[in-house]
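Structural overview for review
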Amino acid sequence: MQNAKLVAKASSDHKTIVQLSDQVTVGGQDLLIVGGPCTVEDSKQMEAVASRLAVAPVQALRGGVYKPRTSPYAFQGLGLEGLNILAGVRQRYGLPVITEVMAIAQIEEVATYADVLQIGSRNMQNFDLLKALGQANKPVVLKRGLAATIEEFVMAAEYILSHGNPNVIMCERGIRSFDSYTRNVLDLGAVVALKQITHLPVIVDPSHAAGKRELVADLARAAIACGADGLIVECHPEPEKSVSDARQALSLDDMVNLAESLQPIAAAVGRTIPSGAGSLPRLSLV
Ligand code: PEP
Ligand code: MN
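Okay, so let's go over this structure. Computed from a predicted structure; not experimentally measured. (Residues numbered from 1 in each chain as written. Chains lettered and ligands numbered in written order. Predicted model: local features only at pLDDT ≥ 70, side-chain atom pairs only at ≥ 80, totals over all residues. Heavy atoms only, no water.)

1. Description of the overall build of the protein
A tally of regular secondary structure across the protein gives 10 helices and 10 strands. Scaling as 2.2 N^0.38, a compact globule of 286 residues should have a C-alpha radius of gyration of about 19 Å, and the protein matches this with 17 Å. Taken over the C-alpha atoms alone, the protein extends approximately 50 × 45 × 40 Å along its principal axes. Evaluated residue by residue, the protein yields a buried proportion of 54% over its 286 residues. When contacts within the protein are restricted to residue pairs at least 6 apart in sequence, those whose partners lie at least 24 apart make up 71%. Accessible area of the protein: about 11,600 Å², with a carbon and sulfur share of 52%. (Helix = DSSP H or I, 4+ residues; strand = E, 2+ residues; numbered from the N terminus. Rg over C-alpha atoms; globule rule 2.2 N^0.38 Å. Buried < 20%, exposed > 50% of the residue type's maximum accessible area, 1.4 Å probe, protein only. Contact = heavy atoms within 4.5 Å. Areas by Shrake-Rupley, 256 points an atom, 1.4 Å probe, with all protein chains shown as cover.)

2. A word on the coordination of the manganese ion (ligand 2)
Cys38 (SG), His208 (NE2), Glu234 (OE) and Asp245 (OD) make up the full set of protein donors to the manganese ion (ligand 2), lying at 2.0 to 2.4 Å. Sequence spacing of the donor residues for the manganese ion (ligand 2), all on one chain, is C-x169-H-x25-E-x10-D. Here the residue Glu234 occupies a position in strand E10 (residues 230-234), and Asp245 occupies one in the loop between E10 and helix H9 (252-261), the gap between them amounting to 11 residues. We classify Glu234 as buried; its relative accessible area is 1%. Among the residues examined, Asp245 registers a relative accessible area of 22% and is labelled partly exposed. (Donors = N, O, S within 2.8 Å, 3.2 Å for Na, K, Ca; no water.)

3. Some thoughts on the site of ligand 1
In the vicinity of ligand 1, the contacting residues are Cys38, Arg62, Lys67, Pro68, Gln118, Gly120, Ser121, Arg122, Lys143, Arg173, His208 and Glu234. At a separation of 3.0 Å, an oxygen atom of ligand 1 approaches a polar side-chain atom of Gln118. Between an oxygen atom of ligand 1 and a side-chain N or O atom of Arg122, the distance comes to 2.9 Å. When ligand 1 sits alone it has 300 Å² of accessible area, and the protein chains cover 97% of it. Of the residues assigned to the shell around ligand 1, the class counts are two nonpolar, four polar and six charged. (Near = heavy atom within 4 Å. Polar contact = N/O pair within 3.5 Å; in protein donor to acceptor, adjacent residues only side chain to side chain. Nonpolar A, V, L, I, M, F, W, Y, C, P; charged D, E, K, R; others polar.)

4. Concerning the side chain of Thr16
Turning to its location among the elements, Thr16 is positioned in the segment before strand E1 (18-19). Side chain to side chain, Thr16 and His199 meet in a polar contact 2.7 Å long. For Thr16, the residues in contact, after removing those within four places along its chain, are Val26, Gly27, Pro166, His199, Leu200 and Pro201.

5. Here we look at the sheet that holds strand E5 (residues 97-100)
Around the barrel, eight strands lie side by side as E3-E4-E5-E6-E7-E8-E9-E10; this closed barrel has parallel pairing. Pairwise comparison of adjacent strand axes, ignoring direction, gives a mean angle of 25 degrees for this sheet. Sitting on the sheet, helix H5 (residues 150-162) is in contact with strand E7 (140-143) and strand E8 (168-172), with an inclination near 160 degrees to E8. (Pairing = 2+ DSSP bridges. Axes fitted to C-alpha atoms, helices over the stretch in contact; angles between N-to-C directions.)

6. Observations concerning the layout of surface pockets
Empty space within the largest pocket amounts to approximately 290 Å³. Looking at the largest pocket, it is lined by 19 residues, and the ones nearest its centre are Pro68, Arg122, Arg183, His208 and Asp245. Grouping the amino acids of the lining of the largest pocket by side-chain chemistry returns three nonpolar, seven polar and nine charged. Space inside the second largest pocket adds up to approximately 160 Å³. Forming the walls of the second largest pocket are 17 residues, and the residues nearest its centre are Lys9, Lys15, Gly27, Lys195 and Asp229. Looking at the lining of the second largest pocket, its residues break down into two nonpolar, nine polar and six charged. (1 Å grid on protein atoms, 1.4 Å probe; cavity = no way out; pocket = protein on both sides within 12 Å on 5 of 7 lines; lining within 4 Å. Points joined across faces, edges and corners; volume = space filled by probe spheres on them.)

7. Quick word on the environment of Met124
On the secondary structure map, Met124 appears in the loop between strand E6 (116-119) and helix H4 (127-134). Judged by relative accessible area, which is 2%, Met124 ranks as buried. On a C-alpha basis, the gap between Met124 and Leu252 in space is 29 Å, while along the polypeptide they are 128 residues apart.

8. Here we look at the environment of Arg271
If you trace the backbone, Arg271 turns up in the segment after helix H10 (263-268). By relative accessible area, which is 15% here, Arg271 ends up buried. The spatial distance from the C-alpha of Arg271 to the C-alpha of Val185 is 26 Å, given a sequence separation of 86 residues. Aside from chain neighbours lying at most four places away, what touches Arg271 is Gly28, Gln29, Asp30, Leu31, Gly227, Ala228, Asp229 and Ala266. At a separation of 2.8 Å, a polar atom in the side chain of Arg271 contacts the main-chain carbonyl oxygen of Gly28.

9. Observations concerning the environment of Asn184
Structurally, the position occupied by Asn184 is in the loop between E8 and helix H6 (188-197). In this structure the C-alpha to C-alpha distance between Asn184 and Asp30, which are 154 residues apart in sequence, comes to 28 Å. The contact partners of Asn184, leaving out residues within four places of it in the chain, are Arg173, Gly174, Ile175, Arg176, His208 and Ala209.

What follows is the structure in structure tokens.
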């Protein structure tokens, strides 16, 4: 791997544990299971998601408020209103939240509300954005580009570390190929390779890889079996009504069932899944 200095693994037990909140980490023995909608739509939706996932073996919430949409006419996200909704459930349920930043100008604002900043696939090689994230004081989930090689993915992470932020979580989310049956092709080979190349945590997004909800749970279990440090999965109280990515959204019941089904697989590969934030609601984050 050319020029990968800061992200390169120095020895087989070299690993970085990224802290999302006081209680939640990724990259150590504990797996990180993240659930939530593609897009934050309103407070009722996020309340339903958070109240259900807080009592499941799920440790963090996701939800986009700045959305990269293929069509400029599609819903672009609630912006600041969405950040306030995320901040509300974060505070009420004690679950850290992950949301995407698409531009340098959004970093400061998003970092004041969210625990983790997501860089979407379409921005994996937005080098100015990566450099600016090096200066951010929050961990970053870096998603693999739609057609990025493993080397390009690793070097994108190197940009963030080399500009000062050591807390990067890599996310395999499928790459584009010739077959349109699945939305993308989940590259579990990349997960295994990344775990050997870098000391950074590697999580898997089976939702954007599959594009179809009936494929998500099995891919998620395969990801944990092959050594992923966690999952980020889209779910919604009324999946077919999701404003974006409806076809791949799990119901909340299916999300909880998936999280619970991971326990024996985690145990088989020497990992543990912490229980959720606990009883509802809890005020552990400020
Ligand atoms: C998302 O997480 O909703 C998203 C847009 O993902 P990706 O950047 O992987 O397409
Ligand atoms: Mn999505």
